Amino acid sequence: VNDCFDTLVDDVLISGKSIHGQFIQKYFGGNTAELDRLIDQQLQNVPAAGQYQAGEKRGKLPYYPPGTVVTVSVRGKEFYLVALTHFSGNVVQPDLKMYYLAVLALLEHLNQRASGRTVYMPFLGAGLARLGRDKDTELNHLLCILKMSSVNITGDIHIVLHSSMRDKIHLSRF
């Protein structure tokens with residue numbers, strides 16, 4: 001998700017086709033007030049890294065450090081929302097360093113929260129994060145972060161690839 005933990009699915013701020021947008025639509029429908037309440041509750045003790053000026057972007061104005069994680073429990077499932085992208089206006093600014101920090105922070109959070117359970121993680125950064133790399137390279141970056149992390153995850157992590165990635169990734173290389 002973006003570093004403001006926005007919930008406005010309008011195909012400008014959050015695309016309905018993104019994982020973020022699909023999550024909001026599937027699990028919260030039009031009730032973003034409930035999702036906002038859950039997010040705000042967890043962020044109340046997290047200092048914001050900064051704040052956008054009014055009119056600078058749509059949605060929420062405070063933004064949080066890369067890798068800030070909010071856990072949302074809904075319908076008997078836990079979802080981990082991680083601050084992965086930052087905006088310039090209403091456009092995501094790709095940042096590989098922010099991506100690394102966010103994935104590492106997510107791993108630390110999973111180590112504390114997942115308690116040995118299997119975690120299904122989308123191919124982070126493959127879509128609208130706009131990292132600007134081919135999909136093989138992006139997957140390799142994600143796998144390298146997972147391998148090189150000093151965090152000892154007790155359960156399995158399964159990276160879920162969208163069917164549209166089949167022709168873009170050569171899994172035999174991994």
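What counts and what doesn't
- Residues numbered from 1 in each chain as written.
- Predicted model: local features only at pLDDT ≥ 70, side-chain atom pairs only at ≥ 80, totals over all residues.
- Heavy atoms only, no water.
- Helix = DSSP H or I, 4+ residues; strand = E, 2+ residues; numbered from the N terminus.
- Rg over C-alpha atoms; globule rule 2.2 N^0.38 Å.
- Buried < 20%, exposed > 50% of the residue type's maximum accessible area, 1.4 Å probe, protein only.
- Contact = heavy atoms within 4.5 Å.
- Phe/Tyr/Trp six-rings, centres within 6.5 Å; stacked < 30°, edge-to-face > 60°.
- Pairing = 2+ DSSP bridges.
- Axes fitted to C-alpha atoms, helices over the stretch in contact; angles between N-to-C directions.
- Parallel < 35°, antiparallel > 145°, perpendicular 65-115°, else oblique.
- Left-handed = near helix turned anticlockwise from the far one by under 90°.
- Nonpolar A, V, L, I, M, F, W, Y, C, P; charged D, E, K, R; others polar.

Caption draft 1: Layout of the overall build of the chain. Along the chain, the regular secondary structure elements total 4 helices and 8 strands. Written out in order from the N terminus, the α and β elements of the chain read α-α-β-β-β-β-β-β-α-β-α-β. Here the C-alpha radius of gyration of the chain, 16 Å, is about what a compact globule of 174 residues would show, namely 16 Å. Dimensions of the chain, computed from the C-alpha atoms along their principal axes, are close to 45 × 35 × 30 Å. Classification of the 174 residues of the chain by burial places 41% in the buried group. Long-range pairs, those at least 24 residues apart, make up 63% of the contacts in the chain with a sequence separation of at least 6.

Caption draft 2: View of the packing of aromatic side chains. The full count for this structure, using the stated rule, is 7 aromatic pairs. Plain terms: the ring middles of Phe5 and Tyr64 are 6.1 Å apart, the flat faces sit at 65° to each other, and that makes the pair edge-to-face. Highlighted residues: Phe5 in the segment before α1 (19-28) and Tyr64 in the loop between β2 (62-63) and β3 (69-74), separated in sequence by 59 residues. A single burial state applies to Phe5 and to Tyr64, both of which are buried. Their ring planes at 35° and their centres at 5.8 Å tell us that Phe23 and Tyr27 sit as a pair that is tilted.

Caption draft 3: Just the pairing of strand β4 (residues 77-82), in detail. In this sheet, β4 lies alongside β3 in antiparallel orientation, the contact comprising 6 bridges. For Val69, the partnering residue across the bridge sits in β4 and is Val82. Where β3 folds back onto β4 in an antiparallel hairpin, the turn is made up of 2 residues, including Arg75, whose phi is positive at roughly 50°.

Caption draft 4: Region of interest: the side chain of Asp3. Inspection of the secondary structure puts Asp3 in the segment before α1. Residue Asp3 is classed as buried on the basis of its relative accessible area of 2%. Those residues in contact with Asp3 that sit more than four places away from it in its chain are Tyr52, Pro62, Tyr63, Tyr64, Ala83, Thr85, His86 and Met98.

Caption draft 5: Structural context of the side chain of His20. Note on placement: His20 falls in helix α1. Judged by relative accessible area, which is 14%, His20 ranks as buried. For His20, the contacting residues outside a window of four places in its chain are Val1, Asn2, Asp6 and Ile14.

Caption draft 6: Expanded view of the packing of helix α3 (residues 96-113) against helix α4 (residues 135-148). Between α3 and α4, the least distance of the axes is 10 Å, while the angle of their chain directions is 45°. For the element pair α3 / α4, the angle class is oblique. The element α3 and its partner α4 pack so that their crossing is right-handed. Taking contact as the criterion, the partners of Leu96, Tyr99, Tyr100, Val103, Leu104 and Leu107 in α3 are, on α4, Glu138, His141, Leu142, Ile145 and Leu146. Its residues placed into classes, the contact of α3 with α4 shows 9 nonpolar, 1 polar and 1 charged.

Limitation: the analysis is restricted to geometry and does not speak to function.
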